[in-house]
Each structure stands twice: as C-alpha cells, then as structure tokens.
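Fold and contact review
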Amino acid sequence: MKRLTIVWLLAAMLLPVVAQEVEVTSHRRLLKDVEGPAFYPVLDSAGNRLLFAAEDGSLKFHDLVDGVTTTITRDYVAGHDACWGGDGKVYFVTQQTGENHLVYRAGQCYDPATRQVRQVTDLQHGAVRAVPATRGGALMAPQRSYKSSGDIGSAAWTEGSRLHVIVNGEDRVFSPVDSWAGYLWASLSPDGKKVAFFAAGKGIVVIDLRGQMLAMLGNYEMPCWYNNDYLVAQNATDDGHQFTSSQILLLKADGTWQAELTKPASMAMQPTCGGGKIVYTTIDGLLYEMKINIYQ
C-alpha cells in the first residue's frame, strides 16, 4: 500500500508538466522581385491583406489572395503608423513640415473598395495615433481626434505611460506598471478579453479589461496576438548604434512558455499576425510569411 501511495504521488507531481512544441509548417518569401525593401508589415484579421511601408515612407498594401499590390499614398506616413480597422478600411497618419519648421500630422482613411483616401483630421502639431477597433478605426490626438462612427466597438491604444481601453463605449485608462519612458504597441486579444502592450524598461505586459495584471512576458518588443493564448514578438539586441541580432519569438500569454521561431542571426523583426499567419520583415526589408502548428 505504501509503495502504491508513493507511485500515485509521483504521478500526480508529473501531471502538470506537459510537453509543448511549435512546428513551422511553411515559410516563404513575399514580394520577391516585385517590390523593393518593405517594413512595418500589418496583416488584417483574416490574414488576406498586408500593409507595409516602402523605403521612401509611402504606404502600400498587398493582397495575398490575388497577388496585387496597391499604393495607398506616396506621402510620408508618420512613424509608419497604419492599421486595418474592423470596417476593412485603413487608418494612417501623414506628416509634413511647415514653414516654421514644426512637424504637422493629419489622420487619413483609405477605403479599398473605392481606392480613395480621405483626410479625416486637420493638420495639427503633436502626436496622432492610428487605432484599430473591432467595428472601425480612430485617429487619436491630444487636440482633435476622429472616430469612424459613434460606436467603434472595442479598442486599445497608449498615450505616454497610460493605456486606454474602450469597452462597451467606456474609455478606461490604466497604468498597471511604472515606466518613465512610456507604453507602446497596445492590442486587444482576438476575443477582446485581454490587452497586451510594451512598457519601456519592463517589457511585454498582459492585463485584463479591469486593468489587473495577468502576466509579464519578458523584455521583448512589438507584441501581436497570434490567437487568444499566444503572442508573437521581436527579440532584438543592439550595441547602442545598430542592431546586433533580432529574432521572432512565440510567447504563451500566461508567461509560462516561449519558443524561437527564427534564430537571432536572422535579423527578423516587426512581426504581425492574422488568420493563422505570421509575417515579418528583416533588417534589409525582406518580407516573409510563416505558418506554425502548436502542439501540447
């Protein structure tokens, strides 16, 4: 009886230890011999359309279904700040320098159905942020903001060391971790129940819709949700002047597991996810698409 008890206890201790693996099932170069260097890719939620910034700062999108690439604007896109709204439109920010040498930015909206760009905010001095929402999009600014409709659904964005989350029309503001240099790259999980963002000096933070911290995933950058349970992020190092390595990681949202999707020497960066696809670029502007299977 004593031996059976010991065996049972050992088995119980081993039960929570579940092997977990990830397999890259496909990996291909995008836009080879079609476009020059491409940066800051952004997939739509279905994974069928891809925004990217050209080397001159102009904004384009590539349809992964029919293979057609369209130029949205040849104007310089501020901070390469562009996103797909839940209404299928593209929201982005253009930038120009005035006669007084001050930088002015304007919010823009592009409709793929009509191929028309519409300026939706006046030129203004200061930051303007393109924000994706579940039912549309927004351009958020300290002076004059824009929302595509009265009810844009759920959304998340950062402003300094504050995280804004819209839930059922209510704008909730959180500062769950101290970060003197501020927050970046906020996004809602696909089911809208969690928010991930980057806090400078702390790394990737995951919270719930009440602002309660769920996990800290490590000091990685540019997190994006692969699905409700996993994120993809960039892990880059530098010598103070230039990147020395950069790779793409898969992170479990509860902070319990992570895996390499590319090696540090790949210089892979700026990941984006949608429709079960992962797209990233390299330091030289080469775009790649990756698909994975996660086993547990």
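For the structure itself, consult the block above.
Our subject in this report is the structure included herewith. Computed from a prediction, not measured in an experiment: that's the story for all the values here.

1. Regarding the pattern of salt bridges
Applying the stated rule across the entire model yields nine salt bridges. Two residues, R28 and E289, come together in a salt bridge whose shortest N-O distance is 3.0 Å. Taken together, the positions of R28 in strand β1 (residues 21-30) and E289 in strand β27 (residues 287-295) put the pair 261 residues apart, joining distant regions of the chain. For E289, a relative accessible area of 3% puts it in the buried group. A salt bridge links D122 to R144; its shortest N-O distance comes to 4.0 Å. Taken together, the positions of D122 in the loop between β9 (116-119) and β10 (124-125) and R144 in the loop between β12 (136-140) and β13 (146-147) put the pair 22 residues apart, joining distant regions of the chain. On the accessibility criterion, R144 (36% relative accessible area) is partly exposed.

2. Here we look at the state of the cysteines
Under the criterion given, the structure shown has zero disulfides. The structure places no disulfide on C109, whose sulfur is separated from the nearest cysteine sulfur, that of C83, by 9.5 Å. A disulfide-free cysteine, C273 has its sulfur positioned 3.3 Å from the sulfur of C224, the nearest such atom. Here C273 falls in the buried class, since its relative accessible area comes to 12%.

Rules and cut-offs
Residues numbered from 1 in each chain as written. Predicted model: local features only at pLDDT ≥ 70, side-chain atom pairs only at ≥ 80, totals over all residues. Heavy atoms only, no water. Salt bridge = Lys/Arg side-chain N within 4 Å of Asp/Glu carboxyl O. Helix = DSSP H or I, 4+ residues; strand = E, 2+ residues; numbered from the N terminus. Buried < 20%, exposed > 50% of the residue type's maximum accessible area, 1.4 Å probe, protein only. Disulfide = S-S within 2.5 Å.

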